[in-house]
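Understanding the architecture of this molecule
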Amino acid sequence: MLAINLLVFAFNQYNQEKHLKYTQMQLLLQKESDSIQYYEMLLSQHENQSILIHDIKKHLQSIDILNAEKEHDKIAIYIHQLMQSSDLKESPRLCDHDMLNAILSRYQRQCQQKQIAFYADIRSRIVDFITAADLTSLFCNLLDNAVEAAENIPDAYIEISACHREKTPFVVITVVNSSRKNPLSGSGRKPATSKPDKCKHGFGIKSIHKIVLKYQGEIQMYYDGESLTFHTIITLKQPSSAFPGYHPSGYLSERCMAQ
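Now for a description of the structure that goes with this document. (Residues numbered from 1 in each chain as written. Predicted model: local features only at pLDDT ≥ 70, side-chain atom pairs only at ≥ 80, totals over all residues. Heavy atoms only, no water.)

**A closer look at helix H4 (residues 98-113)**
What counts is decided by this rule: Note on conventions: DSSP H or I runs of at least 4 residues are helices, E runs of at least 2 residues are strands, and numbering of each starts at the N terminus. Here, expected helix span is obtained from the residue count minus one, scaled by 1.5 Å. For every residue, the accessible area (1.4 Å probe, protein chains only) is compared with the maximum for its type, and the residue is labelled buried under 20%, exposed over 50%, or partly exposed between those bounds.
The terminal C-alpha atoms of H4 lie 23 Å apart, and with 16 residues this matches the ideal 22 Å at 1.5 Å per residue to within 8%. Within H4, the full set of buried residues consists of Met99, Leu100, Asn101, Ala102, Ile103, Leu104, Ser105, Tyr107, Gln108 and Cys111. One or two positions beyond H4, positive phi appears at Gln115, with a value near 60°.

**Here we look at the pairing of strand E7 (residues 229-237)**
Put simply, the test is: Here the rule is simple: two strands pair whenever DSSP picks up at least two bridges between them.
For E7, a buried count of eight out of nine residues is recorded, marking the element as mostly surrounded by other parts of the structure. Bridge analysis of strand E3 (residues 170-178) against E7 gives nine bridges, and the strand direction is antiparallel. Considered in E7, the bridge of Thr174 is made with Ile233. Bridge count between strand E6 (residues 218-224) and E7: seven bridges; the pairing is antiparallel. What sits directly across from Gln220, in E7, is Ile233. Taking the residues that link successive antiparallel strands as the turn, the E6-E7 hairpin has four residues, and the phi of Leu228 there is positive, at about 55°.

**Remarks on the packing of helix H5 (residues 132-150) against helix H6 (residues 203-214)**
What counts here: Lines fitted to the C-alpha atoms define the axes, with helices restricted to the stretch that makes contact. Angles between their N-to-C directions range from 0 to 180 degrees. For this classification, under 35 degrees means roughly parallel, over 145 means roughly antiparallel, 65 to 115 means roughly perpendicular, and everything else is oblique. A clockwise turn of the near helix away from the far one marks a right-handed crossing, whereas an anticlockwise turn of less than a right angle marks a left-handed crossing. Any two residues having at least one pair of non-hydrogen atoms within 4.5 Å are treated as being in contact. The classification used treats Ala, Val, Leu, Ile, Met, Phe, Trp, Tyr, Cys and Pro as nonpolar, Asp, Glu, Lys and Arg as charged, and all other residues, Gly among them, as polar.
In the contact formed by H5 and H6, the axes pass within 9 Å of each other and the chain directions differ by 135°. Here H6 runs oblique to H5, going by the angle between their axes. Here H5 and H6 pass one another in a crossing that is left-handed. Contacts between H5 and H6 involve Asp134, Ser137, Leu138, Asn141, Leu142 and Asn145 from the first element and Gly204, Ile205, Ser207, Ile208, Ile211 and Lys214 from the second. Its residues placed into classes, the contact of H5 with H6 shows five nonpolar, five polar and two charged.

**Points about the packing of H4 against H5**
Where H4 contacts H5, the two axes come as close as 10 Å, and the packing angle between them is 15°. On the basis of their axis angle, the class for H4 and H5 is roughly parallel. Crossing angle aside, the handedness with which H4 passes H5 is right-handed. Here Met99, Leu100, Ile103, Leu104, Tyr107, Gln110 and Cys111 of H4 come into contact with H5, specifically with Ala132, Leu135, Thr136, Phe139, Cys140, Leu143, Asp144 and Val147. Split by residue class, the contact of H4 with H5 holds twelve nonpolar, two polar and one charged.

In structure tokens, the structure reads:
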């Protein structure tokens, strides 16, 4: 009976752990789906802005007609409505990839609010081979961790860059951020969250590792105690169709770092 009870208990524990992991994975997938929808919405807003700029001539013609009829009050209302339009809000251009630009712009605004200096150096067409879903998950999780670590630190900063490793099919993504302490902990030397409910966190790192594995890449993380900065260096392999000039004999080992 004791053996049976122990077996039943172990089976129940196993089922509970499996259910918890399944629930956490579903939450992660939902978060990634919501993020993709959010950035698609931002791209739609950018398109609306382009349409409005294209139509500005028509708006000026309408104002000219009102001016000829001396409808000054109507002109004031018309101009006020145009100025209040969300389509006229300036969207910063940090890179030439629309989805990634929307992501970086969002985190740049977050950093401005939190008084964190934000620098981005994303080379042209560097991430075109990454799917929208993977791009969102990778960069959002990287920058979520960087913002969390750099928050409330005087003169804090975040630097993110992406470039080709010369004469190879690899793209190198580097994130350097301020951090008061070494976030690497435990025997696995994995970043530990500072959030109180630790069992519901940590999936961001797993998501990053999943994407790195998908693109046959590698990830390195280390903490510099002298500069109080945390470094994340990711290499992703482009498909041969995206890098036709690659030849194995041309491999160079040097690392492309953020400027």
